[in-house]
Amino acid sequence: MAPSSHPLLLLALAVALLLPPSATADPDAVQDYCVPDAGARGRPLDPSLLPTYPCRNPTNLTASDFAFAGVRAAGNFSADTGFAGISVTPSQFPALHTLGVSFARADLSAAGGVNPPHYHPRATETALVLAGRVYAGFVDSGGRLFAKVLEKGEVMVFPKAMVHFQMNVGDEPATVYGTFNSENPGIVRIPATVFGSGIKDGVLERAFGLDPTELRRLEKRFGPPKTKLAEMED
């Protein structure tokens, strides 16, 4: 199957026009850096409370506080997609707090490993191919696809809130390093959001031309069964 005909791309095209407006950028920092002092609250760092943490005293910081070793190796691969991802935000690397950046490592198993269509509502991403050959691209709000095969050392940019994807088209595993211009870019995974969030069957069947059997198969793969509450919603 040619990369451009991958079925997940059809799904990306279908939802591209339904994306929310882009969010505002992270606020400008008012100091050089602010490594949050998790110890001030006596418990592990809570991402939802980051703005309320005091900054650690700069005199107590060392170079090690500004270094991170958590992306030296690939994460856990999905048996379904051949994808392994490690996202790094201030929750994992506190020194990123207030700097307006974050990053991720994505690994794709050989021969067809795919990072399914998704988008980041609060950030633009630049993706650098560290190893392998990767078919990558995004779909804009007009439904136009921008995609090409990237070789080792090449970079592609995915504009904020645009659906994008990567697929390994080489014979060896591929690795992509992504950077974001937000410390909390967010991620909305299209297949899981559409088929695993409890949207009523009738909506999905009509929207995507699916019969009940096809819909059951997609819901089983991409998400848990709908809750009773979701079934009751109109």
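Residues numbered from 1 in each chain as written. Predicted model: local features only at pLDDT ≥ 70, side-chain atom pairs only at ≥ 80, totals over all residues. Heavy atoms only, no water.

The line we're drawing: UniProt positions are given in the numbering used here, feature names are shortened, and annotations may be inferred rather than shown by experiment.
Within an unreviewed UniProt entry, the label attached to the chain reads Germin-like protein, and the organism entered is Urochloa decumbens. Per its UniProt entry, the chain bears the Subcellular location (unreviewed entry) comment "Secreted, Extracellular space, Apoplast".

## A word on the overall build of the chain
This is how the line gets drawn: Under the DSSP-based scheme used, a helix requires at least four consecutive residues in state H or I and a strand at least two consecutive residues in state E, with every element numbered from the N terminus. The buried label goes to any residue with under 20% of its type's maximum accessible area, the exposed label to any with over 50%, and the partly exposed label to all in between, with areas taken from a 1.4 Å probe on protein chains only. In this description, contact between two residues means that some pair of their heavy atoms is separated by no more than 4.5 Å.
Within the chain, the secondary structure is distributed over 5 helices and 10 strands. When each of the 234 residues of the chain is scored for burial, the buried share is 39%. Put simply, of all contacts in the chain between residues at least 6 apart along the chain, 69% involve residues at least 24 apart.

## Quick notes on the pairing of strand 5 (residues 134-139)
Looking along a regular strand, one sees the side chains alternate between the two faces of the sheet. Worth spelling out the cut-off: For two strands to be treated as a pair, DSSP must find no fewer than two bridges joining them.
Burial analysis of strand 5 places 6 of its 6 residues in the buried class, the great majority of the element. Every second residue of strand 5 is oriented toward a common face, with Val134, Ala136 and Phe138 on one face and Tyr135, Gly137 and Val139 on the other, all of them buried. As paired elements, strand 5 and strand 6 (residues 145-150) share 6 bridges and run antiparallel to each other. The residue bridging Gly137 from the neighbouring strand is Ala147, located in strand 6. As consecutive antiparallel partners, strand 5 and strand 6 are separated by 5 residues, and within that stretch Gly143 has a phi angle of approximately 85°, a positive value. Inspection of the sheet shows strand 5 paired to strand 8 (residues 163-168) by 6 bridges, in the antiparallel sense. Across the sheet, residue Phe138 finds its bridge partner in strand 8, namely His164.

## Quick notes on the nonpolar core
Formally: In this text, buried Ala, Val, Leu, Ile, Met, Phe, Trp, Tyr and Cys residues form a nonpolar core when linked through side-chain atoms within 4.5 Å.
Core analysis: the biggest nonpolar cluster contains 14 residues, and Val134, Ala136, Met156, Phe158 and Val176 have the highest contact counts within it. The set of elements that each furnish at least two residues to this core consists of strand 2 (102-108), strand 4 (125-131), strand 5, strand 7 (155-158) and strand 9 (174-180). With 3 residues, strand 5 is the largest single contributor of residues to this core. With near-sequence residues (within four places) excluded, Val134 lies in contact with Leu108, Val129, Lys148, Val149, Leu150, Gln166, Met167, Val169, Ala174 and Val176.

## Details of unusual backbone geometry
A positive phi angle, close to 75°, is found at Thr98, a residue other than glycine. Considering the arrangement of structural elements, one finds Thr98 in the loop between strand 1 (83-88) and strand 2. Its identity is not glycine, yet Ala111 carries a phi of approximately 55°, on the positive side. Looking at where Ala111 falls in the secondary structure, it is placed in the loop between strand 2 and strand 3 (114-119).

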